[in-house]
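Spelled out, the chains give:
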Amino acid sequence: MAATLAAASGRAPLPRLFSRGILALVLGVYTIYQLGPFLWLATMSVRTTAEISADPYAWPSPLHLDQFRTAWVDSDFATYFWNSTLVVVGAVAVLTFIGAAAAHALARYRFRGNRIIYGILFSSIIFPPQITLISLYQILVDYNLYNSLFGLALVYISLQLPLTVYLLEGFFARIPQDLFDAAKMDGYGDLEIFWRIVLPVGMPAIATTLILNFIQLWNEFLFAVVLITDPEKRTLPIGIRAFMGDHFQDIGMIATGVMISVIPVIIVYVFFSEKLIRGMTAGAIK
Amino acid sequence: MAVVKLDKIVKRYGGGGPVVVEDVDLTIDDGEFMVLLGPSGCGKSTTLRMIAGLETISGGTLSIDGRVVNDVPAKDRDIAMVFQSYALYPHMSVADNLAFGLRRRSIPNAEIERRVKEVAALLGLAPLLTRKPSALSGGQRQRVALGRAMVREPQVFLFDEPLSNLDAALRVNTRSEIIKQHHRLGSTMIYVTHDQVEAMTMGTRICVMNAGKVAQIGAPLDVYWQPANTFVARFLGSPPMNLMDATLAAATRRAASPALDAPLARWSDGVLQARDGRKVTLGVRAEDMAIDHASLDGAPGGRVTGRTIAVEPLGAETLLLLELPGGGEITARLPRHVTATPDQEVVLFFRADAAYLFDAETGDAIAPLETGAAAVRAAVQRRTH
Ligand SMILES: Nc1ncnc2c1ncn2[C@@H]1O[C@H](COP(=O)(O)OP(=O)(O)OP(=O)(O)O)[C@@H](O)[C@H]1O
Ligand SMILES: [Mg+2]
C-alpha cells in the first residue's frame, strides 16, 4: 500500500527506518523548543529573584518551594484562582451550551435570515476584539456590571461566542440529516434530539471548543485589567501583573504565579485532549 | 391495522418552487406491501417522507385509518422507517439503537429488554448487541436498521431503498428476510426502490412513478403484462420493451411501416376504426421476438426487418440489437445458438398476441379486448408455448 502510493507519486520509497528517524528528530526538536521555556519557567518558580539575577539558567538549589505558599496565601493567589475559576468555568459552560444550541439551529433549520445571522457572527470573528473594549466598558458601567466578575464573564461569553458557533456549526452541519429523521421517527422532539443526538455525536467538536475557550479565557488579560479594578476581584493574569512594579520586577514570584495558573490548563487539556485530537482530525462521523 | 390513503398529494419545495410530486392518489391497504418504483428523481423519496411526516405536504390529504395526519408530527404517527444510509446512532450500542425508540414511549424496562432480545434473536443480532455501529459490516448495519423498525411494532413500515448499499448476494438474502418479516408481522409496508426486480418480487402491488406523477398502480404481473403507457412498458422488463412507429390500417387490421408489418388480433373493430390511418406505437417485448417463422406455430404473426448493430452472446441467450430503416432500435432476446454478423439484414417474427399498441402522441396504451386476469392468463399461456 505504502509502496504503491510512493510509486504513484513518482518517488522511491525511503527506507522505513530512515523516515521514522527523521520524524523522531523533528518531533524531538519541536518538543525541546516548546518544552524548554516551560522547564526554565519551572526552575525559576522555585528560585528567588536574587538567585535568578545572579545566574538565570542555574539549576534550583535550594528549592524555594515556600514561594508557592507565599503566592497562594500572602499574595492572595487563592482568591485570584477562585475568581478565575468562577469566571472562566461559568463562561465556558454557558458558551458551550449556547454555542452548541445556536450552531445546531444554524446548521439544521431552514429559516429566514439563517445565513444573515451566520454571516454577522462570522464577520465579527474577523475584527480584533480590542475595538469593542471602550464601548464594552461604557455598557458595563451603565448596567452596573463594571468591576464585577459576573460582568466579566458576560464579556468573555460575548467575545468567544462567534468563534464557538462557527466551529461547531461546521461540524454539526456534517452530521447526516438521516440521523435526525431517524430520531424523529423514533418519537423524539427537537429538544430531545439536541440532547441525545447532537451533543453526544458532536462531542469531539464540543471538546475542542471547550479547551480552546478555556485556555483563551484563563489567560485573558486585557479585558480583565480594564474591567476589574477591585483587588479582591482580580483574576490570575492580573494577579501575576501585581508582581511587576514600575522599577522592580519580582521575576521569581512571577514565575511562581505563572506556574500556579498553568496547572489547570494542563489538567483540562489532558482530560479532553483525546477528544480534541478526534475533533481536529475530523471525519469522526461515519 | 393501518390503511394509508394519499389523496391528490402535492409537494413543492420551498413555497413557490417547482412541483416535484403532483396529485398522487394512492391507497395502501392494511397489511399490503406497496412498492413505489420509478427512475431517479421522480419523487419516490419525497412521497415516502411526506407519509413519514419528515416533509411538509403542499396539497391534498394524507390519512391513516381515516384520520387526516397532514399536520401530525412524525413522532406521533407511529410509523417506522428504514433509511438507505441506515442512520444508526453512532454513539450508541446496537442494543441502545434498538431500544431508543421504545424508551420514548412509557414501556417498562423489562418489556423493552424482552423485545430487543426477541428481535435481535430473530435477525441474528444477539452476539452484536454490545457493539457500536462503526464495528459492524454493511449487512449487519442493515439488519440493525431493520430491527430498529421492527422492535417498535409500528402501524406502518417505510423503506427508502434499504438494499442499495449491499452487494448482490446480500441484497437477495435481505430481500427475502424483509418479505419473511412482512408475512410474520402482517403490517402495512411501503417500499421505495428503483430496482424493478425488487419491485416485482416483493410487492403485493407496485406504484410506478414518473416525473412526480403516478404512471400506473397494480399487481406486479398486471403492470408487467398490461402497461398503461410507454413509460411503464419500457421501465418494467429488461431489456425494455421495443417500441416501433407504425401507421394503423383498420380495414386490414394491421399496423405497418417500411420495416414493420403486424396483424392486430387483440383489438376490437371499433377501437381500430377510430384510429384508422393514424400514427401508433407498436410494442413487442424482446423475449417475444423470434428469428425463425416456425416458432410461431403457424399462428398469424408480425415481422420486422432491420440491420444488426450488435450481437451480445450472454451464454444462456443471445441479445441481438437491430437498427430499423426508418430510425429507432430494437432488441431481441434469442436462443443462444443464434449468430449474426454486424450490418446484416435480419427479419424477426412475433406472435400477433404479443403486440401492444400505444397512442403515438400521449404514449397511453390502447386497451385490447381482453384485460385483467384474462390478459395475464393469455400472456402466460403464450409464454409457455
Ligand atoms: N430539499 C429539496 N429541495 C428542493 N428540491 C428537492 C429537495 N429534495 C428533493 N428535491 C427534488 O425533488 C425531486 C424528487 O426527489 P426525490 O428525492 O423524491 O427523488 P427519488 O425518486 O427518491 O430519487 P432517487 O431514486 O434518486 O432517490 C428531485 O427533482 C429533487 O431534485
Ligand atoms: Mg430517493
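Everything below is about the structure shown above.
Cut-offs applied
Residues numbered from 1 in each chain as written. Chains lettered and ligands numbered in written order. Predicted model: local features only at pLDDT ≥ 70, side-chain atom pairs only at ≥ 80, totals over all residues. Heavy atoms only, no water. Helix = DSSP H or I, 4+ residues; strand = E, 2+ residues; numbered from the N terminus. Rg over C-alpha atoms; globule rule 2.2 N^0.38 Å. Buried < 20%, exposed > 50% of the residue type's maximum accessible area, 1.4 Å probe, protein only. Contact = heavy atoms within 4.5 Å. Areas by Shrake-Rupley, 256 points an atom, 1.4 Å probe, with all protein chains shown as cover. Lys, Arg positive; Asp, Glu negative; His and termini not counted. Charge placed at Lys NZ, Arg CZ, Asp CG, Glu CD. Core = buried A, V, L, I, M, F, W, Y, C linked by side-chain atoms within 4.5 Å. Pairing = 2+ DSSP bridges. Disulfide = S-S within 2.5 Å. Near = heavy atom within 4 Å. Polar contact = N/O pair within 3.5 Å; in protein donor to acceptor, adjacent residues only side chain to side chain. Nonpolar A, V, L, I, M, F, W, Y, C, P; charged D, E, K, R; others polar. Buried area = accessible area lost by both parts, 1.4 Å probe. Salt bridge = Lys/Arg side-chain N within 4 Å of Asp/Glu carboxyl O. Phe/Tyr/Trp six-rings, centres within 6.5 Å; stacked < 30°, edge-to-face > 60°. 1 Å grid on protein atoms, 1.4 Å probe; cavity = no way out; pocket = protein on both sides within 12 Å on 5 of 7 lines; lining within 4 Å. Points joined across faces, edges and corners; volume = space filled by probe spheres on them.

(A) Examining the overall build of chain A more closely. The helix and strand tally for chain A stands at 14 helices and zero strands. Ordering the α and β elements of chain A from the N terminus gives α-α-α-α-α-α-α-α-α-α-α-α-α-α. For chain A, whose C-alpha radius of gyration is 24 Å, the value lies well above the compact-globule estimate of 19 Å for 286 residues. When the backbone C-alpha atoms are referred to their principal axes, chain A occupies close to 70 × 65 × 35 Å. Taken over 286 residues, chain A has a buried fraction of 40%. Considering only intrachain contacts with a sequence separation of at least 6, the fraction spanning at least 24 residues in chain A is 73%. Counting every atom, chain A has about 16,300 Å² of accessible surface; 70% of that belongs to carbon and sulfur. Charge centroids of chain A, computed over 18 positive and 18 negative side chains, lie 15 Å from each other.

(B) The nonpolar core, seen in detail. In this structure, A:Phe172, A:Ile197, B:Val4, B:Leu6, B:Leu158 and B:Ile190 are the most contacted members of the largest nonpolar core, which totals 58 residues. Discounting chain neighbours no more than four positions away, the residues touching A:Phe172 are A:Ala100, A:Ala103, A:His104, A:Ala107, A:Arg108, A:Val198, A:Gly202 and A:Ile206. Of all hydrophobic cores here, the second largest spans 49 residues; its members include B:Leu88, B:Ile107, B:Leu129 and B:Ala199.

(C) Region of interest: the pairing of strand β2 (residues 19-28) of chain B. Residues and elements named next belong to chain B. With six bridges joining them, strand β1 (residues 4-12) and β2 adopt antiparallel strand pairing. Looking across to β2, one finds that Lys5 is bridged to Thr27. Here β1 hands over to β2 after six residues, with Gly14 in that stretch at a positive phi of 60 degrees.

(D) Quick look at the state of the cysteines. The full count for this structure, using the stated rule, is zero disulfides over all chains. A disulfide-free cysteine, B:Cys42 has its sulfur positioned 8.9 Å from the sulfur of B:Cys207, the nearest such atom.

(E) Region of the structure containing the site of ligand 1. Residue and element names in this part refer to chain B. Taken together, Tyr13, Val20, Pro39, Ser40, Gly41, Cys42, Gly43, Lys44, Ser45, Thr46, Glu161 and His194 make up all the residues around ligand 1. At 3.2 Å, a backbone N or O of Cys42 approaches an oxygen atom of ligand 1. When ligand 1 is considered free in solution it has 630 Å² of accessible area, and contact with the protein chains removes 59% of it. Here the shell around ligand 1 gets three residues from one element, more than from any other, and that element is helix α1 (residues 44-52). When its residues are assigned to classes, the shell around ligand 1 shows four nonpolar, six polar and two charged.

(F) Expanded view of the interface of chain A and chain B. In this assembly, 17 residues from chain A lie in contact with 25 residues from chain B. Among the residues chain A hides against chain B, the three largest losses belong to A:Met185, A:Asp186 and A:Tyr188. Together they make up 36% of the total. Scanning the region where chain A abuts chain B turns up three salt bridges. The partner of B:Arg152 in a salt bridge is A:Asp186, and the shortest N-O contact between them spans 3.4 Å. Of all the elements, helix α9 (residues 177-185) of chain A adds the most residues to the side of chain A that touches chain B, at seven residues.

(G) Expanded view of the packing of aromatic side chains. Under the counting rule described, the total for this entry stands at 20 aromatic pairs over all chains. Here B:Phe33 and B:Tyr191 contribute two aromatic rings whose centre-to-centre distance is 5.6 Å and whose plane-to-plane angle is 35 degrees, an arrangement assigned as tilted. Residue B:Phe33 is found in strand β3 (residues 33-37), and its partner B:Tyr191 is found in strand β8 (residues 188-193); the two are separated by 158 residues along the sequence. Residue B:Tyr191 is classed as buried on the basis of its relative accessible area, which comes to 0%. Each residue in the set A:Trp72, A:Phe81, A:Phe214 and A:Trp218 is aromatic and connected to the rest through ring pairs, giving one cluster.

(H) Structural context of the layout of surface pockets. Taken as a whole, the largest pocket spans an internal volume of roughly 790 Å³. Residue lining of the largest pocket: 31 residues in total, with A:Arg110, A:Lys184, B:Leu54, B:Glu55 and B:Thr56 positioned closest to the centre. Among the secondary structure elements, those contributing two or more residues to the lining of the largest pocket are α5 (77-108), α9 and α10 (190-201) of chain A together with β1 of chain B. The greatest single-element share of the lining of the largest pocket, amounting to four residues, is contributed by α9(A). The class makeup of the residues in the lining of the largest pocket is ten nonpolar, nine polar and twelve charged.

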